[in-house]
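Inside the fold
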Amino acid sequence: MKTLKKYRWPLTGALLGALIFLLLYGVRVLDPTSVDWILNNPSPDPAQHYLGWELFRRSPVHLPYIGANYNAVYPFRTSVLFTDSLPLAALLFKLLGGILPTRFQYFGWWGLFCYMMQGGLAQAVIARIAGVQLTFGRGDKSKAATAIIMSPGQTAKLWGSVLGAGVLVLFPALTMRTFAHEALAGTWLVLLALYLWLRSDELMSATLRACLLWGLMGLLCAGIHLYYLPMVGLVLVGYAVRRALQKRGPAAVLLPIAAFCAAALAELFLLGAFAVNFAGYSNGYLSGADYLGLFVPWLAPSWEQNVYMGLGAVLAVVLAIFSVVCNARKAERFFTAHHDWVVAGVVVLVLDLLAAGGNAITVGGKTLFTVPIPQFLMDFWAMFSSCARLAWVAGLLLAVAACGLVLRFWQKGVVPALMLAVCAVAQGWGQRGELFNRWTDYHYYGFRYENKTLLTDPAWENIAASGKYSHLAFASFDFEHDEFWDLVDFAADHGWTSNSFYMAHMDGNLAAVTLPGELNDLAADTLYAFIDEDELTRNSYDLHYYRLDGILIGSVEPIDGIEEDPAPEVPARTMDLTKSDVDPLFLAADGIVLGMNGEMMTEEWTLFPGRYRVTLTGSGFDHSYIYARYGLINEETYKLDIDFTGIDPNEMIFEFTATEMLHYWRVAVHTLDDTNVTVNSVTVEKIG
């Protein structure tokens, strides 16, 4: 009871977070056996996170890498860390794998947990900044009772801190990432670091205890998502700066940082982060934040660079500045008395904005200048290429500080609490479209919770029940098809491995070059999947082919009870023009229309060695330039030597020979003058 009374206000903030979560997402996402709402998400990310866990739960364990996943890119090794499957939760439930149902997800409860932690920690941090003082003691010596002694107006401040927590529960980054990129919804980790920092004089009076607590923070961050390591690390720098200003000595300043880094690195080692195949730790570019994007919502050039902290948070900052100005003398005394906090906080903000901005300094939609960075530093920094996310630290810090300062300096009873209530409403109003979409998606649209797999033929289950297969192998590395995720889901459900999967920090080039090698040594216990352009190569391999639900599969041995798919004399596939890159685009009912200076690049395919014929149909081809190209990502692109065998304004045909695997092969069409060029279809045949 004493503990409940002591923490009843943070618990109230947590309940507010739970209420908002349930209003947005309902209770069906909390059913651990309900996974269709994850697999039906328009984004492939939630499916990646869930299926990464499903493949990991049945993966063998080989010490010391307890987080290694040997089933996702069999026979190679990856880590549950790089499937963004919440490694700490995945490890816990892997231990319970024997008693869990075939389909089991923990992401719904994780979402609820994040909202509750966001609300509870936000209330605690805001109350701390607001100067709420709760004194606990024996109010009645004859009873084990606890009296809460508060000065007048403290209750109003506490309610105000709960309402301020509403601003943080509706923090845009949390809204955007929940059930889109679940691990990144753990923004409460930054609030927890701020809470530990604010209470460090009480909780970390000894350096050893500071090392222990910051070491635990390192474990939490590494076990949830890598991006929280630099975010929480920045708060830790603020802690270290304040300790230095307090002249606590080098050990008090440096050892907690060392403990944080050592704990995180040790956990990453055990998770297999440094021992994975196809690891691409640097993609060589930075997606930085626009500094004004914290306050202006429309400045973000992409979803990844959206760092807006919300209308209510911006309003709270304005009110905080106003309250400080109106109480200048009191504010001066306050900031003077807490100058070490102010200096450390400014250091955190400056470092955070520098890290989040990348090497291109952008303000108000304009790049002011680009900072040249040594390659070794760029390679390290680019591990966090979406560095704009780091600005969430600044947004969270400004939001809680603003709410706390409004309560501290605005001494008029319930007025500051009402002001923060307005801020919370404004925070929700500013996101009303997104919040409404989430409510309708998870409450109104029942089909989200329906099984919509493409694998409906009963023959799939017969294949699994035969016990002949334990591996699924895709002919090439391509996860841009709905069939891919349904096939991986099928493999995971039945305890099979998959040779192809999408992972964070993955070297896609290496995977694209390596995975087709599965067809060099065909195995009887492997079911082969040929999706889209992979069908062109079917005549090159001695397999029995079958078509289930439109998907071509191959097997070394015949599959009983299923009629084999007749082999076409000339395998052919038509490209999906909707996946083309087009500039500029004129919509047409039957194809793509290119205007002046128009160009079109078709979707990217993987072509095996052989002779190919490509046929383009449409009109205006006598006013166009057509070629084919290939080349690995971020590497040199090559044009193919092609032979046009048919030239007509309405149909162009060319042939070429691929003497090696062609990765990311595309057809390009450019206009030569102001005459429109229409492309109705692009068909590829393997003629030899």
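Positions within a chain are numbered from 1, following the residues in the order the chain's sequence is written. Since the coordinates come from a predicted model, pLDDT governs what is reported: local features require at least 70, and pairs of side-chain atoms require 80 or more to be given and counted, while whole-chain, interface and lining totals use all residues. Think of the side-chain values as coming from all heavy atoms in the structure, minus any hydrogens and water.

Remarks on the overall build of the protein chain
Helix and strand labels come from DSSP, where a helix needs a run of H or I of at least four residues and a strand needs a run of E of at least two; each type is numbered from the N terminus. When you go through the protein chain residue by residue, the secondary structure sums to 23 helices and 24 strands. With C-alpha atoms as the basis for the radius of gyration, the globule rule is written as 2.2 Å multiplied by the number of residues raised to the power 0.38. The C-alpha atoms of the protein chain give a radius of gyration of 29 Å, which matches the 26 Å a tight globule of 688 residues would have. Along the first, second and third principal axes, the C-alpha set of the protein chain runs to 95 × 60 × 50 Å. Here the protein chain holds 688 residues, and 55% of them are scored as buried. When accessible area is computed with a 1.4 Å probe and restricted to protein chains, residues below 20% of their type maximum are described as buried, those above 50% as exposed, and intermediate ones as partly exposed.

Brief notes about the pairing of strand β18 (residues 610–619)
Pairing between two strands is assigned when DSSP locates at least 2 bridges connecting them. Here β18 pairs with strand β22 (residues 651–658) via eight bridges, running antiparallel. By the bridge assignment for β22, G610 is matched with A658. As paired elements, β18 and strand β24 (residues 677–686) share eight bridges and run antiparallel to each other. What sits directly across from T615, in β24, is T683.

Some details on the pattern of salt bridges
In the sections that follow, a salt bridge refers to a side-chain nitrogen of Lys or Arg positioned within 4 Å of a carboxyl oxygen of Asp or Glu. For the coordinates displayed, the defined rule picks out 26 salt bridges. Measuring nitrogen to oxygen at the nearest pair gives 3.2 Å for the salt bridge that ties E54 to R57. Of this pair, E54 and R57 both sit in helix α4 (residues 45–57), three residues apart, roughly one helical turn. Each member of the pair, E54 together with R57, is buried. R547 is the salt-bridge partner of D565, the closest N and O atoms lying 3.6 Å from each other. Taken as a pair, D565 in the loop between β11 (551–555) and β12 (572–574) and R547 in strand β10 (residues 544–548) lie far apart in primary sequence, 18 residues in all. Judged by relative accessible area, which is 32%, R547 ranks as partly exposed. Each member of the salt-bridge network shares a partner with another, and the members are D532, E535, R538, R547, D565 and R573.

As for the pairing of strand β23 (residues 662–671)
For β23, the buried fraction is high: 10 of the 10 residues fall into the buried class. Where strand β16 (residues 599–601) meets β23, three bridges bridge the pair, whose relative direction is antiparallel. Residue M601 lies in a different strand from β23, and its bridge partner there is A668. Sheet topology places strand β17 (residues 605–607) next to β23; two bridges connect them, and they run antiparallel. Its bridge partner lying in β23, W605 is registered against W665. For strand β19 (residues 624–630) and β23, the ladder comprises six bridges, and the chain directions are antiparallel. In the strand pairing of β23, A628 is matched with V667.

Focus on the side chain of T537
With respect to the secondary-structure elements, T537 resides in the loop between β9 (526–530) and β10. Taking relative accessible area as the criterion, T537 reaches 2% and is therefore assigned buried. Leave out the neighbours within four places in its chain, and T537 touches F530, F608 and K686. Here a residue-residue contact requires only that any non-hydrogen atoms of the pair lie within 4.5 Å.

Some points on the confidence of the model for the protein chain
Confidence of the prediction at every residue is given by pLDDT, a number between 0 and 100. Mean pLDDT over the protein chain works out to 91, with 95% of the residues at or above the 70 mark. Averaged pLDDT values over the elements of the protein chain bottom out at 37 in strand β4 (residues 147–149) and peak at 98 in helix α9 (residues 188–198). Low pLDDT (under 50) marks residues 135–150, which in the prediction has 25 contacts with non-local residues, meaning those over four places away or in another chain.

A look at the sheet that holds strand β7 (residues 471–474)
In space, the five strands of this open sheet follow the order β8-β7-β9-β11-β10, with mixed pairing throughout. In this open sheet, the two edge strands, each paired with only one partner strand, are β8 (497–498) and β10. Where β7 and β8 come together, two bridges link them in parallel fashion. The residue bridging H471 from the neighbouring strand is T497, located in β8.

As for the packing of helix α2 (residues 8–25) against helix α6 (residues 107–130)
Running from amino to carboxyl end, α2 crosses α6 at an angle of 140 degrees, the nearest separation of the two axes being 7 Å. By the angle between their axes, α2 is oblique relative to α6. Considering the relative orientation of α2 and α6, their crossing is right-handed. Along the contact surface, α2 presents W9, P10, G13, A14, G17, A18, I20, F21, L24 and Y25, while α6 presents G108, G111, L112, Y115, M116, G119, G120, Q123 and A124. By residue class, the composition of the contact of α2 with α6 is 12 nonpolar, seven polar and no charged. Here, axes are lines fitted to C-alpha atoms. For helices the fit covers the stretch in contact, and angles between N-to-C directions go from 0 to 180 degrees. What sets the label is the angle itself: under 35 degrees gives roughly parallel, over 145 gives roughly antiparallel, 65 to 115 gives roughly perpendicular, and the rest give oblique. Here a crossing is taken to be left-handed if its near helix is turned anticlockwise relative to the far helix by less than a right angle, and right-handed if that turn runs clockwise. For this classification, the nonpolar set comprises Ala, Val, Leu, Ile, Met, Phe, Trp, Tyr, Cys and Pro, the charged set comprises Asp, Glu, Lys and Arg, and every other residue, Gly included, is treated as polar.

A look at the side chain of T606
Mapped onto the fold, T606 is located in strand β17. Residue classification places T606 among the buried residues on the basis of a relative accessible area of 8%. Those residues within four positions of T606 in sequence are excluded, and the remaining contacts are S476, E533, M661, L662 and H663.

A closer look at the packing of helix α14 (residues 311–326) against helix α15 (residues 328–337)
Interaxial distance between α14 and α15 falls to 5 Å at its minimum, and their mutual angle equals 100 degrees. Classified by the angle their axes make, α14 and α15 are roughly perpendicular. Across from V324, V325 and C326 in α14, the residues of α15 making contact are A328, A331 and F335. Taken together, the residues that form the contact of α14 with α15 break down as six nonpolar, no polar and no charged.

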